[in-house]
Structure formats: structure tokens, C-alpha cells
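Letter by letter, the chains look like this.
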Amino acid sequence: MDLVGNSGFQPIYAISGLLVGLLIGLTGVGGGSLMTPLLVLFFGFHPTTAVGTDLLFAATTKSVGTTIHSAGKTVDWTVVRWLAAGSVPATIICLIAMGYAGANSSGVTNLIFIVLGVSLLLSAISLLFKKQILHCITRRYPEFGTASSRRLTVLTGVVLGVLVCLSSVGAGALGTIALIILYPRLPMVRIVGSDIAHAVPLTLLAGAGHWFLGTIDFRLLGMLLVGSVPGIVVGSLTARYAPDKLLKAFLGVILAIVGFRMLVK
């Protein structure tokens, strides 16, 4: 049961969707990383419902963002295909396992809290210490971004598929950081565009699976989308002009706090 009530239109949901959509468009981060914990911790939704609803929210919102980025030629479709080659089968297997265990069972719920908390903390570390991580990896493995990228991109897709299925987190924050590491020569705007483009089929597939499992709140979804669609349009159009460092630092701190809160709940 959510804390705001179940009757009529709730503007707070639309406002939340607007803010999250704006952040997705600007940075590629913010879908599951912010919306799912917001629904669980602030609005009081069951974790499985929050994850399932947020997946379809992210799929719809990022479809709009992909259209904007694609029109601006900021999507590398080869990278998107390699990611999907790993994430799609991993997501299907994860959904089957959730259905077998019981989507709303205490075991799955506890696993969602753990995976969500850990994913958020990893996302925060990646955002706050991106330069240090990139420097360490590229110095030790100078071939990153060339010979090893294809198989590592597919492997990254597998990890993202499992994380997104269980927590709806990963397609933005961790996906963006992984692509920066794997493709250091790719402009940031193309990293964000490619990550958003990959998130569409991934979150749509995972969301469809959660729909089959009965964990989608469509009333909530509609209200979130009222705000998120204009939000991501504005964010995507202005992404190349945004203060990237400031936004990422702010998001990193927020994700660290929320991730810790999910783990100690």
C-alpha cells in the first residue's frame, strides 16, 4: 500500500516522474537508481511492485530518450547489439527463476532489497570515483576499448540483465560506467545515448516478465509517465550542455545514502 493513497490522480507521482525523467535524459542515470527506492522508501510500495512498475516506466521513458538521441546521432547501435546479446537471455532466465521461487515471496523480496542496495552503492562508487577507476583500469589494461571490448560488452550485458530484472537498477548508472571503461574513446554523449537505447529492450523485456508475474501497478505507472515523458525530452535535448561533473557527484552521494538505507531496512 502506498503512503499517499490509492484514489484519484496524485500530482506527487507525476512530479517524481518529471524529475527522474529529466535526470535520465541528462545523465543516463536515474531510472531504477532513484525511482525504485523512491517508491519503496518514500511511497511505501512493495519492493516487487516497485521494481516491476519501474521497469515499464523506464522502458517507456527511455524510448522517448532514445528517439531524441538517435535523431541527434548519439547512439552506437553496434554497442547496443552486443549488450543486448548478453542481457536478453540473462533477463529471461532470471524471470523464470523468480516465477519459480514466487515473485512476492519473502525470499525474493529480501533478495531484491540486497541486490538493490548493493547495486546502488556500486553505482555511487562508480559515479563518485569514475576518474580513478578509469585511470587504474586503462593503465593496467591498455587494450580496453579495442580488442577485448566485444566479449566484455556481452558479459556486461549478462550482469546488467540480472541486476535489472531483480532491482531495475543497472541499465543506467552501472551501464554507463561500464561503457565508459570499455569504450574510453567514445564521446560521453554517445555513451549516454547508447546506454539509454540498450535500456529500452532490456527494461521492456523485464517489465513484460513482471507483468506476467502480476507485479505491475498500472495506475501508478500512468501517473509517473505523465511527468517523465516531458522530463526526458528536455533532459535529452540539453544533455550536451549539462554540468556533467556536478550532476554525477550529486547523484553519487544520493545513491550512496539510498543504497545504505536499503541494506539496513
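Please read these numbers as outputs of a predicted model, since none were measured by experiment.

Draft legend 1. Examining the overall build of the protein more closely. Scanning the protein from N- to C-terminus turns up eleven helices and zero strands. Beginning at the N terminus, the succession of helices and strands in the protein can be written as α-α-α-α-α-α-α-α-α-α-α. Pairs at least 24 residues apart make up 85% of the contacts formed inside the protein by residues separated by at least 6 positions. Within the structure as shown, the protein displays about 11,400 Å² of accessible surface, and the carbon and sulfur contribution to it stands at 72%.

Draft legend 2. Spatial organisation of the environment of Ile93. The residue Ile93 is located in helix H4 (residues 77-101) in this model. Distance in space between the C-alpha atoms of Ile93 and Gly161 is 9.4 Å, their sequence separation being 68 residues.

Draft legend 3. Fine view of the pattern of salt bridges. Scanning the entire structure with this criterion turns up one salt bridge. In this structure, Arg190 and Asp76 form a salt bridge, with 3.9 Å as the shortest nitrogen-oxygen distance. Linking Arg190 in helix H9 (residues 188-213) with Asp76 in the loop between helix H3 (47-71) and H4, this pair joins segments that are 114 residues apart in sequence.

Draft legend 4. Expanded view of the confidence of the model for the protein. Within the protein, residue pLDDT values average 81, and 86% of them lie at 70 or more. For the protein, helix H6 (residues 130-140) is the element with the lowest average pLDDT, namely 74, and H4 is the one with the highest, namely 92.

Draft legend 5. Structural view of the side chain of Thr203. As for its position among the elements, Thr203 is in helix H9. From its side chain, Thr203 meets the backbone oxygen of Val200 in a polar contact 3.3 Å long.

Draft legend 6. Seen up close, H4. With 25 residues, H4 should reach 36 Å at 1.5 Å per residue; the first-to-last C-alpha distance of 35 Å fits that figure. Listed as buried for H4 are Val79, Val80, Leu83, Gly86, Ser87, Ala90, Thr91, Cys94, Leu95 and Met98. If you check the start of H4, you find a side-chain oxygen 3.2 Å away from the backbone N of Thr78, and it comes from Asp76. Directly beyond the C-terminal end of H4, a positive phi value near 100 degrees is found at Gly102.

Draft legend 7. Representation of the packing of helix H1 (residues 11-27) against helix H10 (residues 218-237). Contact pair H1 / H10: the axes reach a minimum separation of 6 Å and the direction vectors enclose 35 degrees. Crossing angle aside, the handedness with which H1 passes H10 is right-handed. Residues Tyr13, Ala14, Gly17, Leu18, Gly21, Leu22, Ile24, Gly25 and Leu26 of H1 pack against Arg219, Leu220, Met223, Leu224, Val226, Gly227, Ser228, Gly231, Ile232, Val234, Gly235 and Ser236 of H10.

Draft legend 8. Structural view of the packing of aromatic side chains. The full count for this structure, using the stated rule, is four aromatic pairs. Residues Trp211 and Phe218 carry aromatic rings whose centres are separated by 5.2 Å and whose planes lie at 70 degrees to one another, so their mutual orientation is edge-to-face. Trp211 sits in the exposed class, given a relative accessible area of 54%. An aromatic cluster of three or more residues is present, and its members are Tyr13, Phe42, Phe43 and Phe45.

Draft legend 9. Fine view of H1. With 17 residues, H1 extends 24 Å between its outermost C-alpha atoms, agreeing within 8% with the 24 Å of an ideal straight helix rising 1.5 Å per residue. For H1, the full list of buried residues reads Tyr13, Ala14, Ser16, Gly17, Val20, Gly21, Leu23, Ile24, Gly25, Leu26 and Thr27.

Draft legend 10. Representation of the side chain of Thr156. Position of Thr156 relative to the elements: it lies in helix H7 (residues 149-167). Given the relative accessible area of 17%, Thr156 is considered buried. For Thr156, the contacting residues outside a window of four places in its chain are Leu83, Ala178 and Leu182.

Draft legend 11. Geometry of the packing of H4 against H9. Running from N to C, H4 and H9 point in directions that differ by 15 degrees, and their axes come no closer than 9 Å. Taken together, the axis directions place H4 and H9 in an arrangement best described as roughly parallel. Here the hand of the crossing between H4 and H9 comes out right-handed. Contact residues: H4 offers Trp77, Val80, Leu83, Ala84, Ser87, Val88, Thr91, Ile92, Leu95, Met98 and Gly99, while H9 offers Ser194, Ala197, His198, Leu202, Leu205, Ala206, Gly209, His210 and Leu213. Residue composition of the contact of H4 with H9, by class: 13 nonpolar, seven polar and no charged.

Draft legend 12. The environment of Leu116, seen in detail. Structurally, Leu116 is set in helix H5 (residues 106-128). The spatial distance from the C-alpha of Leu116 to the C-alpha of Thr36 is 8.7 Å, given a sequence separation of 80 residues. Apart from the residues lying within four places of it in its own chain, the contact partners of Leu116 are Thr36, Ser167, Val169 and Met262.

The rules behind each value
Residues numbered from 1 in each chain as written. Predicted model: local features only at pLDDT ≥ 70, side-chain atom pairs only at ≥ 80, totals over all residues. Heavy atoms only, no water. Helix = DSSP H or I, 4+ residues; strand = E, 2+ residues; numbered from the N terminus. Contact = heavy atoms within 4.5 Å. Areas by Shrake-Rupley, 256 points an atom, 1.4 Å probe, with all protein chains shown as cover. Salt bridge = Lys/Arg side-chain N within 4 Å of Asp/Glu carboxyl O. pLDDT = per-residue confidence, 0-100. Polar contact = N/O pair within 3.5 Å; in protein donor to acceptor, adjacent residues only side chain to side chain. Expected span 1.5 Å × (residues − 1). Buried < 20%, exposed > 50% of the residue type's maximum accessible area, 1.4 Å probe, protein only. Axes fitted to C-alpha atoms, helices over the stretch in contact; angles between N-to-C directions. Left-handed = near helix turned anticlockwise from the far one by under 90°. Phe/Tyr/Trp six-rings, centres within 6.5 Å; stacked < 30°, edge-to-face > 60°. Parallel < 35°, antiparallel > 145°, perpendicular 65-115°, else oblique. Nonpolar A, V, L, I, M, F, W, Y, C, P; charged D, E, K, R; others polar.

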